[in-house]
Amino acid sequence: MPLPYRGRGSRLASSRVASTSVHSPRRAGRGAPWSSHALRLTRRRHSSEQVPPGPEPQADFRSGKWLQEHAGGDARDSQQTARAGMGSRHRICSQEEVVIPCDSDNDSGSVDLQLSNLEDIKKDPSSLELTDSDIFDITGLSQESFIDSFRHLTQQGPVSEANVERLIQSIQEVFNGELQMLIEEEPLHSLFSSVRQEVFITIANLRQTFQAFSEMLQSLVVKDPHLENLDTIFKQMDPWLQSTKDHERERATASMAQVLKCLSRHLSLKLPLRFQRLGHFVALMALLCGDSVTEVAEEAAEGMHCLLHVTLRLKCTIYDKKNHPNLRRAMKKCQELLELYSIKQFYSCPFKIAQIFEAFLNSNELFQFVMTTLDGLENLKHPCTQKSAGELLITMVKNAESRFEKVPEIMGVICARLSIISQPRVRRQIINTVSLFISRPKYTDIVIGHLLCHPVPYDRHLAELWRTLEVELPSTTWILWRLLRKLQKCHNEPTHEKMAYVAVAATDALYEVFVGNRLQAATFRLFPQLLMTLLIQIHHSIGLTMSDVAVPSGLYTGQEMSSEVTPLCFAIQATKSLLLRTLCWQEFNIMEKNKGWTLLEGKECHLQGVSLLANALLERNHLLAQKVMYLLVPLLNRGNDKHKLTSAGFFVELLQSPVARRLPSIYSIVRLKDWLHHGNRVFKFLALRGLCYLIKHQDMREDIRSLLPCILDLLCETDEKIVLLAIQILLQLVGTMDFTTLTAMMKTLFTLFGDVRSDVHRLSMTLFGASIKSVKYTDKKGVENQVLDSLVPLLLYSQDENDAVAEESRQVLTICAQFLKWKLPQEVYCKDPWYISPSEAGTVCKFFGKKCQGKVNLLAQTLMFSKNAKLPIRRAAVLFVGLLLKYVDYSELRTKGTDWIENEIISIDLHLQPGFCGHLDLKALLHDPEPSLCIIASQALFRVQKVGAEPDSRQSIPG
């Protein structure tokens, strides 16, 4: 071995701190010397990492004297000291003493935080003036005991900085200098080489190194007892306190405990006070109190005890007189908690520690506390420690609910942690923390807003969060309502812009909440609002893709969104789950059986789906239907057209309920009247549908009767649904109409005879017949001409190919005959076409030809129908012309001739006769592509020509 290096080794041995001994009073409340604990920590590290387990023999590598020679005479003492430290909790002292600033044996206050002097607070809190001496009294530690505890320290002084520097330099020389090179050069099998022997000696000597390091930290605190030093020390020790290695965590905790002891006795609180990481420090020490390693937990408990002293004094200095009552309440709370638990119980439950510190931490320190605890939840490997961390987090959030200012940041960390935390217990604790925040009205919107800023559909982690929220019953309705309001506000935006992303996210969140069933009571309570809002969201989502949604930039970075993901699918899913969760099974079945979900998704048939669901609810759950109806009364005037249309569609169907008559007129008939004048035809349709339901109540008919002029105007609408509903209402009111209104309506109805819309055609004749029945006896003369003019159309339309139209024509024809006091021949009611039974047709013509002679020009009227769009009507008209020639006025024929029948072009007002086809020419029918019509037309033309040649020979014309 080179001589220079051996000399360096001797210097190291002579300068090591192992040549000194330590005076170590017993640690208060533990009974074990702190220096012995330091040796035990050192032994544990060496025994676990470098020396195999088992009894530790004296390290004599070559001869029994080698150790003494190379240790400068002190090695044997050092080995004995180390061995004694490892075998007992008491240290063997040598000649030279260094006093460690620890508690004395009788310092029971350090572990028994008795607050007996706070009894005055209970009696008269306002009479107490807080000073530093008060704090010492509160914590059970007098100021004198602080000074006495360090009397030896002030007499003999801390470890010199020069010794510390030499120690560090020596260690660096050993591990970074020539010795490292020599070790690498040594053969691996050479266990007894001189180099390796000296390395072993160095390692053995380093067993007093940790003690020296701790003494150095204490010396720094005693020399300069300001909070800035604690902040600096803590920043350097933080990684070691959070180490995953037990021995490193234990040594760091022990060091910090001693530093805090020194600081609690010598703390200097000169302004300005700066300790930037108090919240982080409190949380970390509290977590260490729940550590799975007993020694770590005990050291952290003592450290927390001292940290409480420091914090109390710090806050008393910071608080001014104005805020003094806050500190009084915090100290009273501190006293009450410590009276409930013994010190051992108290520090074995870290969440109880949080109950005390929470009163002293400001908002920024609370944020540090929560963030540190969140970091520890996954990093802590022992289940007991994780449980303590979870309880610590929840306790702090619960007790300090009103003082958090960085909830969005906390939520961001929580959401990020969910995807990497696998242990169910830890996940449950984090979700419970979110539940605490979201249940506080101050933070509800903040938490919901943050959760809605995630990609949809939610991943399984966020879905689990929504589904498993643990919220107290009084808060459930509030949370669900605020989530609902996020969606409702989006419906007030203009429809031409992109849909707000919040609307889609809130819909997906509602779906997850319904599936989870944790808010079932609130779901039942808010069912009307939830149902209508989701139906409105469906209406807004029809035809949209996610490209039509204002997705925040960067939200889907690196993610591919499926084309199947649309705003509509989220809305439909949420609506379905709402029905199922509120036990509306039958309503769900009705929707599914009648393809109601498909109707809701259609642009043109959305309101049909709404009506189907409303009727299903009205039929199966009348009470819920009533709640929805009362909700819709104020909701109908809000939002955009889609919002109003969906609401109006549901509301109108609920007017079928008997309780609808209880609604004030302003919310029912007056509102429907406004819709009748709406520019949107759908509102007109809904208004008429609502009037159809309300008119069933006799006490509401008078108010509806005032709407007759507007309803009559709707008979001319092109929308078939509107015309049909108008006719239905008029059928209910026809008996109450005055003569002027009645005749005006009959004229309008006459124009609808032959309408291509078969239902309009049929119901217009029905209303016409009802109108004839409603004419008073004194007014009959005034409508006789209208009745006579209707005979030919009704007679011809009795031949319509639509059986319902034909049957209705015969029924109304009967009403007309009764009005005219005629008795129709039985052949009128024959259902066979006239061209099949010419004799029956002749009988009918003979009856009407005689009855109408001189009253109405039947021939001219019939010729007008010879160009009708329907073949059966054209064929009946041409056949009727030929048969009527027997009963026309021959004097007129002799005067005018028959050319006008054969060739005259008759101009028809297409507006009055929409079923006619313009210009009429009987001869033109001879070239009609329909053979039956050509044959009947030729027969009719022959009869016309025959009558023109021999007007008096009517009897010779074949029947």
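Just above sits the structure.
Bear in mind the structure is a predicted one, so any value in this text is a computation, not a measurement.

Parameters at a glance
Each chain carries its own residue numbering, running from 1 in the direction its sequence is written. Side-chain atom pairs in this predicted model are given and counted only at pLDDT of 80 or more, local residue features only at pLDDT of at least 70, and totals for whole chains, interfaces and linings cover all residues. Each side-chain value is derived from all of the structure's non-hydrogen atoms; neither hydrogens nor water enter the calculation. Counting from the N terminus, the helices are the DSSP runs of H or I reaching at least four residues and the strands are the DSSP runs of E reaching at least two. The buried label applies to any residue whose accessible area, calculated with a 1.4 Å probe on protein chains only, is under 20% of its type's maximum; exposed applies above 50%, and partly exposed to all values in between. Pairs of residues are marked as contacts when any of their non-hydrogen atoms sit within 4.5 Å. Only the protein chains shown count as cover for residues, and the accessible areas themselves come from Shrake-Rupley with a 1.4 Å probe. What we call a nonpolar core is a set of buried Ala, Val, Leu, Ile, Met, Phe, Trp, Tyr and Cys residues that are connected through their side-chain atoms within 4.5 Å. Classification of ring pairs uses Phe, Tyr and Trp, with its six-membered ring standing for Trp, and accepts pairs whose centres are within 6.5 Å; under 30 degrees between planes counts as stacked, over 60 as edge-to-face, and the remaining range as tilted. We count a charge as sitting over a ring when the NZ of a lysine or the CZ of an arginine lies within 6 Å of the ring centre and within 35 degrees of the ring normal. We call two N or O atoms a polar contact when they sit within 3.5 Å, provided that within protein one can donate a hydrogen and the other can accept it, with sequence-adjacent residues counted only if both atoms are side-chain atoms. For every element, the axis is a line fit to its C-alpha atoms; helices are fit only across the contacting stretch, and the angle between N-to-C directions ranges from 0 to 180 degrees. Each angle receives one of four descriptions, namely roughly parallel if under 35 degrees, roughly antiparallel if over 145, roughly perpendicular if within 65 to 115, and oblique otherwise. Rotating anticlockwise by less than a right angle from the far helix to the near helix defines a left-handed crossing, while the corresponding clockwise rotation defines a right-handed one. We call Asp, Glu, Lys and Arg charged. Ala, Val, Leu, Ile, Met, Phe, Trp, Tyr, Cys and Pro are nonpolar, and the rest, Gly among them, are polar. Expected helix span is given by 1.5 Å per residue-to-residue step, counting one fewer step than there are residues.

Caption draft 1: Geometry of the overall build of the protein chain. Scanning the protein chain for helices and strands turns up 51 helices and 4 strands. For the protein chain, with 959 residues in total, the buried portion stands at 55%. Contacts spanning at least 24 positions in sequence make up 74% of the contacts within the protein chain whose residues lie at least 6 apart. Just so you have it, the protein chain exposes about 42900 Å², and 52% of that area is on carbon and sulfur atoms.

Caption draft 2: The nonpolar core, seen in detail. Membership of the largest hydrophobic core comes to 260 residues, with the highest contact counts inside it found for Met-304, Leu-374, Phe-404, Phe-650, Trp-675, Met-745 and Phe-848. Top contributing element to this core by residue count: helix 16 (residues 294–318), with 11 residues. Ignoring sequence-local partners within four residues, the contact set of Leu-374 consists of Leu-393, Ile-410, Val-413, Ile-414, Arg-417 and Ile-430.

Caption draft 3: Looking closely at the packing of aromatic side chains. Taken as a whole and assessed by the stated rule, the structure comprises 12 aromatic pairs. The interplanar angle of 55 degrees and the centroid separation of 5.7 Å between the aromatic rings of Trp-675 and Phe-683 together place this pair among those described as tilted. Like Phe-683, Trp-675 is buried. Between Phe-750 and Phe-753, the ring centres sit 5.5 Å apart and the planes meet at 55 degrees, which makes this aromatic pair tilted. In this structure Phe-750 comes out as partly exposed when scored by relative accessible area, which is 22%. Through a chain of ring-to-ring contacts, three or more aromatic side chains come together here, namely Phe-404, Phe-437 and Tyr-443. The ring of Phe-685 carries the charged tip of Lys-721 above its face, separated from the ring centre by 5.8 Å.

Caption draft 4: Layout of the side chain of Ser-798. Structurally, Ser-798 can be placed in the loop between helix 44 (791–797) and helix 45 (803–819). In this structure Ser-798 comes out as buried when scored by relative accessible area, which is 5%. One polar contact links the side chain of Ser-798 to the main-chain carbonyl oxygen of Leu-795, over a distance of 2.4 Å. Aside from chain neighbours lying at most four places away, what touches Ser-798 is Ala-806, Ser-809 and Arg-810.

Caption draft 5: How the structure looks around the packing of helix 25 (residues 460–467) against helix 27 (residues 501–516). At their nearest, the axes of helix 25 and helix 27 sit 7 Å apart, and the two run at 60 degrees to each other. With respect to their mutual orientation, helix 25 and helix 27 come out oblique. Judged by the twist between their axes, the crossing of helix 25 over helix 27 is right-handed. Contacts between helix 25 and helix 27 involve Ala-463, Trp-466 and Arg-467 from the first element and Ala-509, Tyr-511, Glu-512, Val-513, Val-515 and Gly-516 from the second. Taken together, the residues of the contact of helix 25 with helix 27 break down into 6 nonpolar, 1 polar and 2 charged.

Caption draft 6: Quick peek at helix 46 (residues 838–852). Along its 15 residues, helix 46 runs 21 Å from first to last C-alpha, staying within 8% of the 21 Å computed at 1.5 Å per residue. Considered for burial, the residues of helix 46 that qualify are Ala-841, Gly-842, Val-844, Cys-845, Phe-847, Phe-848, Gly-849 and Cys-852. Contact partners of the buried residues in helix 46: helix 44, helix 45, helix 47 (858–864) and helix 48 (871–884). Just downstream of helix 46, Gly-854 is the residue with a positive phi angle, here 80 degrees.

Caption draft 7: Up close: the environment of Thr-741. Counting through the fold element by element, Thr-741 comes out in helix 41 (residues 739–750). Judged by relative accessible area, which is 17%, Thr-741 ranks as buried. For Thr-741 and Pro-709, which are 32 residues apart along the polypeptide, the C-alpha to C-alpha distance reads 8.3 Å.

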